[in-house]
Amino acid sequence: MFSFHRSLASLFAFSIFTSLVAKEPITLSEVIPKNSLRQGHFWTPDEANLEMKALAKTWDDRASWERRASSIREGILKGLHWDWMPKVEGDFRPIIHSRKKMDGYFVENIAIQSFPGFYITGNLYLPAEPKKRNPAILNPHGHASDKRVMEDVQKRCAVFARMGAIAFAYDMVGYAESTQVNHKMPIAALLQAWNSTRVLEYLLSRPDVDSERIGMTGGSGGGTQTFVLTAIDDRITVSAPVVQVSAHFFGGCVCESGMAIHESDSHGTNNVEFAAMAAPRPLMIVSDGADWTRNSPRIEYPYIQSVYALFDAEHKAEHVHLHGEGHDYGYSKRSAVYPFFAFHLGLSYKRIPYDNGFDESFVTILPPDDLYVFNEAHPRPGDALIGDEAVMEYLGFSDDR
Ligand SMILES: [Zn+2]
């Protein structure tokens, strides 16, 4: 009995010790080792072709791929310094207001707490006739100011809601209403992946969400957020990164490749493997002819297919290539994703008028002011940390560069 208590006491002392140690700031030069960054056009397409052949030789069956996927997952989390984040469970403190009745769906303005003093700003699109439990879809976005409230995001989320899903569109850090930090701040990749996890956990906490049917999709930088979260969190059950999965391009922004998620002493990889880590969960990649996804039919998708084959799940990895199109999440890309999500999340695409193509004209585009969550009547909470330095200091990062 005595020794039992003594070991508990020493465990307690140890945990106090480790939590004190964890509060010592860590410097950004330790967090972001420069020789471990794979950024932008890190490889040429020619190099990437050869690298993909070499990567394919690192696994030859399901067990060896799963070992590889698990070491990559660990590499991403270590590169992001995931364990540095405060242990927040629940405690979302949602601020929800301005419910608007639309044609077949509702829109609400929402903010949730990401961690104490940091807020995720967005909109919830809800079905007009919800079931007891509904699928949910995370909708991060790419790089454009006010992108969350722009037409393409509104249309996509409205269609998802009218088909029967609860769609959450949320700001990239530093964009639209997420003004507590600048976008190009050193730990943007960590903050965005953390925010996505908190959006996921908020959705899972809702009694009207079916935890077995959780989708995620975004274009460009939203595609990056989609394949990163899908790779590290198997609670995303269906994933559709759009115009971003590339063998040679690692993401041009600090929020995509500014932390050492692709390379460390124990791993070396690219975004194609991140996307393939969805296997065997349903995955759709959408590519086009005018950006870094132009080789997808020949390089990226065959690699992903060969991973899915290990699970006898070739039919769950879909690919739509639009060679005549460019880098956006426009109508034709949305039209590819709607029936994919409808099939795998149990949505009704018949609720969307169809005449030689999906008719999105039922969507009324709302002005940004109608979609902002923080305004005079609903101010941002007073505990909000303001500025890159304040946020990094709160999290225990010190900028020594
Ligand atoms: Zn970015």
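The following paragraphs examine the structure supplied in this document. This is a predicted model, so every value here is computed, not measured.

Calculation rules
- Note on numbering: residues in each chain are counted from 1, in written sequence order.
- With the structure being a predicted model, the display of local features is reserved for residues of pLDDT at least 70 and the display and counting of side-chain atom pairs for 80 or more, all residues being used for whole-chain, interface and lining totals.
- Only hydrogens and water are removed before side-chain values are computed, so all heavy atoms of the structure are retained for them.
- Here a strand is any run of E in DSSP of at least two residues, a helix any run of H or I of at least four, and the numbering for each starts at the N terminus.
- Exposure categories follow from relative accessible area, calculated using a 1.4 Å probe and restricted to protein chains: below 20% of the type maximum is buried, above 50% is exposed, and the middle band is partly exposed.
- Only heavy atoms enter the contact rule, under which two residues are in contact if any of them lie within 4.5 Å.
- A pair of strands is considered paired only if DSSP assigns at least 2 bridges between the two.
- The crossover handedness rule: strands pointing away from the viewer, path from first strand over the helix to second strand clockwise, crossover right-handed.
- Keep in mind that water is not among the atoms, so a site may look incomplete; donors are the N, O and S atoms within 2.8 Å of the metal, or 3.2 Å for Na, K and Ca.
- Note on aromatic contacts: the rings of Phe and Tyr and the six-membered ring of Trp form a pair at centre separations within 6.5 Å, being stacked when their planes are under 30 degrees apart, edge-to-face when over 60 apart, and tilted otherwise.
- In this scheme, the term charge over a ring applies when either NZ of a lysine or CZ of an arginine sits within 6 Å of the ring centre and within 35 degrees of the ring normal.

Some details on the environment of Leu-229
Relative to the assigned elements, Leu-229 resides in helix H7 (residues 221-232). For Leu-229, a relative accessible area of 1% translates into the label buried. Separated by 49 residues in sequence, Leu-229 and Ala-278 have C-alpha atoms that sit 9.7 Å apart. Sequence-distant contacts of Leu-229, defined by excluding residues within four places in its chain, comprise Leu-138, Ala-193, Ser-196, Thr-197, Leu-200, Met-216 and Ile-236.

Section: the pairing of strand S7 (residues 209-219)
Of all 11 residues in S7, 8 are buried; the element is thus mostly enclosed. The pairing of strand S5 (residues 134-139) with S7 spans 4 bridges and is classified as parallel. Across the sheet, residue Ile-137 finds its bridge partner in S7, namely Gly-215. In terms of strand pairing, S7 meets strand S8 (residues 238-242) through 5 bridges, oriented parallel. Residue pairing for S8: Thr-217 is matched across the bridge by Ala-240. The β-α-β motif built from S7, the intervening H7 and the parallel element S8 has right-handed crossover chirality.

Details of the coordination of the zinc ion
Here the zinc ion is held by the protein donor atoms His-143 (NE2), His-183 (NE2), Cys-253 (SG) and Cys-255 (SG), which lie 2.0 to 2.3 Å from it. Of note, the zinc ion draws all its donor residues from one chain, in the sequence arrangement H-x39-H-x69-C-x1-C. Residue His-183 is found in the loop between strand S6 (166-170) and helix H6 (188-205), and its partner Cys-255 is found in helix H8 (residues 254-257); the two are separated by 72 residues along the sequence. Residue His-183 is classed as buried on the basis of its relative accessible area, which comes to 8%.

Topic: the packing of aromatic side chains
Enumeration according to the criterion identifies 22 aromatic pairs in this entry. Look at Trp-59 and Trp-65: their rings are 5.6 Å apart centre to centre, the planes differ by 75 degrees, and that puts the pair in the edge-to-face class. With centroids separated by 5.0 Å and ring planes inclined at 5 degrees, the aromatic side chains of Phe-115 and Phe-118 adopt a geometry described as stacked. Neither Phe-115 nor Phe-118 differs from the other in exposure class; each is buried. One Lys or Arg, Arg-99, reaches over the ring of Phe-106 and ends 3.8 Å from the middle of that ring. Positioned above the aromatic ring of Phe-362 is the side chain of Arg-162, whose terminal nitrogen or guanidinium carbon lies 4.1 Å from the ring centre.

Read these as layout, nothing more, since geometry by itself doesn't imply function.
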